[in-house]
Amino acid sequence: MVELDTETLRRYDSDYLWHPFTQMSEWEGAENIIITRGEGSYIIDSDGNRYLDGVAAIWTNVHGHCKKEINDAIKEQVDRLEHATLLGLSNDRAALLAKRLIDIAPSGLAKVFYSDNGSTAVEIGVKMAFQYQQQTGNKDKKKFIRFDNAYHGDTVGSMSVGGIAIYHEVYAPLLFPTIMAPSPYCYRCPLSPEGDCTKCGLLCLKELERLMEEHAHELAGLVIEPSVQGAGGMIVQPPGFVKGVRELCDRFDVLMIADEVAVGFGRTGAMFACGKEGVTPDIMAISKGISAGYLPLAATLTTRKVYDAFWGDYSALKTFFHGHTFTGNPIACAAALASLDLFEKERLLEQLPEKIDYIQDRLQRLMELPHVGDVRQEGMIGGIELVRDRHTREPYPWEERVGVRVIMEARKHGLFLRPLGNVIVVFPPLSISMDELAILMDGIEASIRSVTE
Ligand SMILES: *Cc1c(COP(=O)(O)O)cnc(C)c1O
């Protein structure tokens, strides 16, 4: 393989690449980091600088970078079969992974429909729910409930059920209409603006109940990121919220679509966030952690009840007419299988409580800083909301980009981070060691201090 020097790589990048979620006028010509290697919790750039990966390769990495067991599984699979379609065929890796996913999924989920990214996994869920209602005699049930601050991806369908205006407003005329429920964002409680609302979850459930009552006759499904709204700012739901949503969906005969793309695969400390609350959604979308951060893979899981509504003679046209070219790719499935083996072999979930407690301690300590307004945590996810004024909760104006300044400062401490507005995100590989976790939290604390004080 040709090894190019950093200057050439930066030039090629600037000349030919268009980066996601990036204002290219700021990117082009800047001294951007070009990653060429990965090793455990670290990513290494073309000059040999090492960065602790505080965002787990955008929330996907589980066992660390270049984990031997997964590398080996992929190499072995490449020499056996690289791809064969699931249209009119099956493959051994896809079949085995489907079984293993159902084994670990919340009980009651029975079928796996593959795709290759989180947005499509959610969009498939939306189409499934819609068609399910059409084929079970509920012709009027065509609408979806979504939550404020929700993020479900960037395709037109997944944007329609998302709630982050700054990303999606420009496309509003393309999106299908939905009914928006308030997000249980206690720190900025939408329903009790006088603040200090610890009942936010309850109030939001009450409002959701009212919306469902009003719209039940026309509701096909509800889409939720269970436990944590990720891209919306790591907004953690109060305990019992997901269960409350499940009960309302049951009561009003609305399919519950759980988007576990970010929280699935151990991120909350349990394999799945719904499982942690003892909830089985009707449809569950998974992607990011599924192949441990290696290859594009996603799945939409559902129950036998939903599956059966698509059953019939071909002539009844009840088939789910949906599919992607790389659906069930055996290399991606082999990586996912190796990852599930590692969860067992390394007892990964059993090692998380110690790390989770440590993150909690460190986040609590940050509350002493004058510009830390709120800290939020669910398992191995942390969010630190920076504010101009702690007492009034007045945010920093978005134009000041305090989050970006903090993560740029963190590079001096050898960290790679990515903020969500004024929220600093803690999202390391689950395999991170206690020592590395200390380096991560020290660096975050120092960076927040030097930018905000
Ligand atoms: C990242 C994410 C998605 C979108 O996944 P892509 O693979 O980027 O399309 C959907 N839902 C949630 C909760 C996510 O975090």
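Now for a quick tour of the structure. The structure presented is a predicted model; accordingly, all values stated were derived computationally and were not measured.

Quick notes on the nonpolar core
By size, the foremost hydrophobic cluster in this structure holds 62 residues, and its most contacted members are Ile384 and Ile444. With 10 residues, the single largest contributor to this core is helix α13 (residues 330-345). Two domains share this core, each providing at least three of its residues, namely domain 1 (33-63 + 347-452) and domain 2 (71-345). What Ile384 contacts, discounting residues up to four positions off in sequence, is Leu363, Leu366, Val372, Asp374, Val375, Asn422, Val423, Ile424, Val426, Ile444 and Ile448. Cys189, Met212, Val242 and Cys249 belong to the second-largest nonpolar core, a separate cluster that totals 27 residues.

Some points on the packing of aromatic side chains
In this description, a pair of aromatic rings is defined by centroid distance and the angle of the planes. Considering all chains together, one arrives at 11 aromatic pairs under this definition. Ring centres 4.9 Å apart and planes at 65° place the aromatic pair Phe21 and Tyr167 in the edge-to-face group. On the criterion of sequence distance, the pair formed by Phe21 in the loop between α1 (6-16) and α2 (24-27) and Tyr167 in helix α8 (residues 165-168) is long-range, its members being 146 residues apart. Pairing Phe113 with Phe320 gives two aromatic rings, centres 5.1 Å apart and planes at 70°, and the pair type is edge-to-face. With Phe113 in strand β4 (residues 109-115) and Phe320 in the loop between α12 (304-308) and α13, the pair connects residues that are 207 residues apart, well separated along the chain. Three or more aromatic residues link up through ring pairs in this structure, and these residues are Phe21, Tyr151 and Tyr167. Residue placement shows Arg50 over the ring face of Tyr42; its charged tip is 4.7 Å from the ring centre. Between the NZ or CZ atom of Lys111 and the centre of the ring of Tyr307, over which it lies, the distance is 4.3 Å.

What to know about the sheet that holds strand β12 (residues 298-303)
In spatial order, the strands read β4-β12-β11-β10-β7-β5-β6; together these 7 strands make up an open sheet with mixed pairing. At either margin of the open sheet sits one strand with a lone partner, and together these are β4 and β6 (179-181). Ignoring which end each strand starts from, the neighbouring axes of this sheet average 20° apart. Relative to strand β10 (residues 255-259), strand β7 (residues 219-224) runs parallel, the two being bridged by 4 bridges. Its bridge partner lying in β10, Val223 is registered against Ile257. The sheet strands contacting helix α9 (residues 200-215) are β5 (143-147), β6 and β7, and the helix crosses β6 at an angle near 160°.

With respect to the sheet that holds strand β3 (residues 50-53)
Taken in spatial order, the 4 strands of this open sheet run β1-β2-β3-β16, and their pairing is mixed. Unpaired on one side and paired on the other, β1 (35-39) and β16 (415-416) mark the two borders of the sheet. Bridging between β1 and strand β2 (residues 42-45) involves 4 bridges; their strand directions are antiparallel. When the sheet's bridge partners are listed, Ile35 is paired in β2 with Asp45.

What counts, and at which threshold
- Residues numbered from 1 in each chain as written.
- Predicted model: local features only at pLDDT ≥ 70, side-chain atom pairs only at ≥ 80, totals over all residues.
- Heavy atoms only, no water.
- Core = buried A, V, L, I, M, F, W, Y, C linked by side-chain atoms within 4.5 Å.
- Buried < 20%, exposed > 50% of the residue type's maximum accessible area, 1.4 Å probe, protein only.
- Helix = DSSP H or I, 4+ residues; strand = E, 2+ residues; numbered from the N terminus.
- Domains from an automatic or database assignment.
- Contact = heavy atoms within 4.5 Å.
- Phe/Tyr/Trp six-rings, centres within 6.5 Å; stacked < 30°, edge-to-face > 60°.
- Lys NZ or Arg CZ within 6 Å of the ring centre and 35° of its normal.
- Pairing = 2+ DSSP bridges.
- Axes fitted to C-alpha atoms, helices over the stretch in contact; angles between N-to-C directions.

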